[in-house]
Structure formats: structure tokens, C-alpha cells
There are 2 protein chains.
Amino acid sequence: MTSTEALELLKKNGYSITDKREKIIHYFFEHPRYLSVKEVIDYLKELYPGLSFETVYRNLALFRDLGILEETELDGEKRFQVNCEASHHHHHVICLKCGKSKTIQQCPMSQVPEIEEFKIVEHKFEIYGYCSDCQ
Amino acid sequence: MTSTEALELLKKNGYSITDKREKIIHYFFEHPRYLSVKEVIDYLKELYPGLSFETVYRNLALFRDLGILEETELDGEKRFQVNCEASHHHHHVICLKCGKSKTIQQCPMSQVPEIEEFKIVEHKFEIYGYCSDCQ
DNA sequence: CTCTTTGCAAAACATTTGCATGCCT
DNA sequence: AGGCATGCAAATGTTTTGCAAAGAG
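Residues numbered from 1 in each chain as written. Chains lettered and ligands numbered in written order. Predicted model: local features only at pLDDT ≥ 70, side-chain atom pairs only at ≥ 80, totals over all residues. Heavy atoms only, no water.

1. Overview of the protein's contact with DNA strand D
Thought 1: Contacts to DNA strand D come from 23 residues, most closely from A:Lys20, A:Arg21, A:Glu54, A:Thr55 and B:Tyr57.
Thought 2: For DNA strand D, the backbone makes up 60% of the atoms found within 4 Å of the protein, where backbone means sugar plus phosphate.
Thought 3: B:Arg58 is positioned with one of its side-chain polar atoms (N or O) 3.5 Å from a base oxygen of DNA strand D.
Thought 4: B:Lys78 places a main-chain nitrogen or oxygen 2.9 Å from a phosphate oxygen of DNA strand D.
Thought 5: Among the elements of the structure, helix 2 (19-30) and helix 4 (53-65) of chain A together with helix 4 (53-65) and strand 3 (77-82) of chain B are those that each provide at least two residues to the surface near DNA strand D.
Thought 6: Tallied by class, the residues present in the surface near DNA strand D amount to six nonpolar, nine polar and eight charged. (Near = heavy atom within 4 Å. Polar contact = N/O pair within 3.5 Å; in protein donor to acceptor, adjacent residues only side chain to side chain. Helix = DSSP H or I, 4+ residues; strand = E, 2+ residues; numbered from the N terminus. Nonpolar A, V, L, I, M, F, W, Y, C, P; charged D, E, K, R; others polar.)

Set out below in C-alpha cells:
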């Protein structure tokens, strides 16, 4: 997905393309890593000093629901990044310092064929550590 | 680990064995699943109406630090359960309704030998779904 | 008797919601 | 014009912390 496609997706679903939404989406496409909500707010506040954080929360939730972003949670904080491979199932290696992530295609679920009397609906596999820049 | 061993571990590390701590520990050993903090507070409030939730938070953090409990986070809530296999690396299948978990010995990290220029420090692999009782 | 534990109060923090105004289309 | 978006205010929910009183060893 490109940022243009993301904006088209907004329009296609009946949502307006506002300046703030454009900035948020471009910011995510220019920073391909898991960003904390705070990081997004700090960035947007520079451009729009009067910005209210609710707007960011609301838009991030919207983008997540539309499949533009994907969400994870680390240390009690939500984090988002571009869902650039929406159609491919994958997992992430996430840097604990900068939030940058690499995609890994391996999914451990292939090794866990079935669990008796348990209906599996989802799973989470994430690797944490430090990237080359943050070590 | 047994509940008795857990209490001995407390004493050995210079902490008192209070009635509330005993109740909390027994409650975890009698309910072998991921319990939310709220569940623990609700249970303990029945026995000690004057209970303050801070006590529960403080003790759960203590037990976690001592290796008696292990922690996870689901939907922005912390959850704890007995760390019954502290020495063995393992993962969990967790019921989204009741929090009950099964241990699985498979660790996907054996399939992910190394990631270039990334220093791995930890990982999370959890499977979510519904157990036989909650389906 | 001393040190730990607890309750109380308050704060810290992340997130959500109702409502009125304002901006896209 | 009409509906979605935003800011404001306030609420919600979870977790943490300082301090003084109560309890354990």
C-alpha cells in the first residue's frame, strides 16, 4: 500500500481527507516502524499547535479499522505502523528502543497444528531486541 | 512450584507472610490461569472488605519479581498466573474468555536462528482462542 | 522494637466519550 | 446545506507513589 492508496481508501469509505489525516498518514509512510501515539502527537503538534490528542487517537483507530495501520502494545502503550503487507500473514522483529520493525515471514503456527479442545482465533509472535542503530 | 514453596520463597527473601499474601498466592494456585488484577481484587475484597487495590498491585509486582507469577497483557490489562515452570522456557495458549492457559513446549525461536544486525533480547508467542468450556 | 506492609489519598498516565462548533464535499 | 471532523471538557480505567498508621517477626 502507498500513502496515496491509503488516502483513496479513506475517501472510498466515505471519510474526508483532512490536512491532519494526510499528515498522519504521510508520517507513518515516512517512518516505517512502530510509532507510539505520543510520537505521532508530538510530530503533529509541531504543525498544528492547537491539536488535540483525541483527534490522533480517533484517527489512528480509524486507520487501524480500515486496515491502513496495524497495532501492537508494548509497555502499556499502543503503537501503530503501516500495514504494508495486509494480505500476507507475517510477524515482526521490533526494536525496543526506536520501534523499528522487520517483517519475518515465518509463522510459528505451522508448527502448532492443533490444540485439543481449543478453538484458536488468533496468535501473537513478536521478537524484541535492539536494531543495529540502537545496540 | 507449590504454594508452600512460594511462601517460603517470600520468607527467604526477607518479606513477611501476611494473611493477604497467603490468600493471593493460594488463589493463584487454585486458579491456574491468567487472572486479571480485577479478579484478584474482587476475590480478596470478599475476605477483606477494607482491602485497597494498591496492596494487590504491589504484591502482584512483588510475586512477579520473585518469579512466583508471570505476567502478560491483554486488552490493556495486566494478567498474572503461577509461574509453575519457571525453569522451563515455554509459551501459552490462552482462553480469551476465562483466561485459562495451556502450556505449549514448542518455541518458535528455534525456527528463527538469527536476524542480521539485530540483537534479540526477548520474544512473545501466545495463542488466543476459546477453551472447551467457553466455546 | 524495628522494619515491612497496608490503607488512604492523590497523582500519573493512557485512552474514550458527549457535545457544540467548524470544516470538507 | 449536510455530514463528517475537530476541539474542549470531562470522564474512564489502570497503575503508581508518598506518607502515616498498623502489623509481622
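Picking up where we left off.
2. Quick look at the protein's contact with DNA strand C
Thought 1: Contacts to DNA strand C come from 21 residues, most closely from A:Tyr57, B:Lys20, B:Arg21, B:Glu54 and B:Thr55.
Thought 2: The sugar-phosphate portion of DNA strand C accounts for 60% of its atoms within 4 Å of the protein, the bases making up the rest.
Thought 3: A distance of 3.0 Å is found between a base oxygen of DNA strand C and a side-chain nitrogen or oxygen belonging to B:Arg58.
Thought 4: The separation between a phosphate oxygen of DNA strand C and a polar side-chain atom of B:Asn59 is 3.2 Å.
Thought 5: Along the lines of polarity and charge, the residues of the surface near DNA strand C split into six nonpolar, seven polar and eight charged.

3. Overview of the interface of chain B and chain A
Thought 1: In this assembly, 32 residues from chain B lie in contact with 31 residues from chain A.
Thought 2: Carbon and sulfur atoms make up 64% of the area that chain B and chain A hide from each other, which totals about 2,800 Å².
Thought 3: Broken down residue by residue, the surface that chain B buries against chain A is led by B:Phe118, B:Lys124 and B:Tyr128, which jointly contribute 20%.
Thought 4: Between the two partners, chain B and chain A, sit zero salt bridges.
Thought 5: Applying the counting rule to chain B against chain A returns 14 residue pairs in polar contact (both at pLDDT 80 or more).
Thought 6: At the level of elements, strand 4 (91-95) and strand 6 (118-131) of chain B are the ones that each hand at least two residues to the side of chain B that touches chain A.
Thought 7: Per element, the largest residue contribution to the side of chain B that touches chain A is 14 residues, and it comes from strand 6 of chain B. (Contact = heavy atoms within 4.5 Å. Buried area = accessible area lost by both parts, 1.4 Å probe. Salt bridge = Lys/Arg side-chain N within 4 Å of Asp/Glu carboxyl O.)

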